[in-house]
Amino acid sequence: MLRSLNRSSHRRSAWLLMAFTALALELVALWFQHVMKLQPCVLCIYERCALFGVMGAGLLGAIAPKTPLRIAALALWIYSAWRGIELAWQHTQMQLNPSPFQTCDFAVRFPTWLPLDKWLPQVFVASGDCSVRQWEFLSLEMPQWLVGIFVAYLVVALLVLLAQFFKPKRRGELFYHS
């Protein structure tokens, strides 16, 4: 399996597939916001940013999958998935254990050199409350689903990282000789 993951990490199509899955999740988030009229909170916006990080990692890996750029894409992938888990877990705790002492910010805080909320307010402006439950599917709230999604991204990323230490089989080679 690890050799197969190593081979896949050298293919543009695998990286594009990952970018596509993150894009699909971003489009679903925008559907919830603009069609279903759910209001994203600050943590929702930060979770979107983590998904954009996964998407960016997929696009970065697709640029030159057979070069060391693949390792940079893998690092971005792992970092984005880890941050996504942290944010979604924090969000889940706010919803499952509401407390007046644990609240989210009123507005997102982006660096002054990257004011995403000013450039794309339709995507990056928060208008909801982090502790409000707005959507549920199969008895799980949206942040709970995101914990699972980011864990899946992280597990696959760690397997791909581990696979980088295994040489892929050469074509036509069926057996390994000791």
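Residues numbered from 1 in each chain as written. Predicted model: local features only at pLDDT ≥ 70, side-chain atom pairs only at ≥ 80, totals over all residues. Heavy atoms only, no water.

A few points about a nonpolar patch on the surface
Our working definition: To count toward a patch, a residue needs a relative accessible area over 30% and no salt bridge; like charges are then connected within 9 Å, while nonpolar side chains (Val, Leu, Ile, Met, Phe, Trp, Tyr) are connected within 5 Å. Here the open area of atoms and residues is found with the Shrake-Rupley method and a 1.4 Å probe, where only the protein chains shown may cover a residue. Should a side-chain nitrogen of Lys or Arg be within 4 Å of a carboxyl oxygen of Asp or Glu, the pair is scored as a salt bridge. For the purposes of this entry, the term helix denotes a DSSP run of H or I that reaches at least four residues, the term strand denotes a run of E that reaches at least two, and both are numbered from the N terminus. The cut-offs for exposure are 20% and 50% of the maximum accessible area for each residue type, with area from a 1.4 Å probe on protein chains only; residues under the lower value are buried, those over the upper are exposed, and the others partly exposed.
On the surface, a nonpolar cluster with roughly 400 Å² of combined accessible area is contributed by Leu17, Phe20, Leu23 and Leu27. Of note, Leu17 is situated in helix H2 (residues 12-34). You can call Leu17 exposed: its relative accessible area is 53%.

A few points about the confidence of the model for the protein chain
Just so we agree on the cut-off: In predicted models, pLDDT denotes the confidence assigned by the predictor to each residue on a 0 to 100 scale. Two residues qualify as a contact provided that any one of their heavy atoms is within 4.5 Å of a heavy atom in the partner residue.
When pLDDT is averaged across the protein chain, the result is 81; 84% of the residues are at 70 or more. Averaged pLDDT values for the elements of the protein chain fall to 68 in strand S1 (residues 136-137) and rise to 91 in helix H3 (residues 42-63). Scored below 50 in pLDDT, residues 173-178 makes 5 contacts in the model with residues more than four places away or belonging to other chains.

Comments concerning the pattern of salt bridges
Scanning all chains against the criterion turns up 1 salt bridge. The shortest N-O distance in the salt bridge between Arg83 and Glu86 comes to 2.5 Å. In this pair, Arg83 and Glu86 are both assigned in helix H4 (residues 69-96), 3 residues apart and thus about one turn of the helix distant. We classify Glu86 as partly exposed; its relative accessible area is 33%.

Remarks on unusual backbone geometry
Positive phi outside glycine occurs at Lys37, with the angle close to 65°. Note that Lys37 resides in the loop between H2 and H3.

With respect to the side chain of Glu47
Convention followed: The sign given to each residue is positive for Lys and Arg and negative for Asp and Glu; His and the chain ends receive no count.
With respect to the element layout, Glu47 can be found in helix H3. Although Glu47 lies buried, it forms no salt bridge, and the closest oppositely charged side chain, Arg48, sits 7.9 Å away as judged by the N-O distance. Those residues in contact with Glu47, other than ones at most four positions away along the chain, are Leu87, Ala88, His91, Leu146 and Phe150.

Notes on the nonpolar core
Quick reminder of the rule: Put simply, buried Ala, Val, Leu, Ile, Met, Phe, Trp, Tyr and Cys residues joined by side-chain atoms within 4.5 Å make one nonpolar core.
Counting 23 residues, the largest nonpolar core has Trp15, Met18, Trp77, Phe150 and Tyr153 as its most contacted members. Broken down by element, the residue count for this core peaks at 7 residues, all from helix H7 (residues 142-163). Not counting chain neighbours up to four residues away, the residues in contact with Trp77 comprise Trp15, Met18, Val54, Ala57, Tyr153, Val156, Ala157 and Val160. Counting 15 residues, the second-largest nonpolar core is a separate cluster that includes Ile45, Tyr46, Met94 and Val123.

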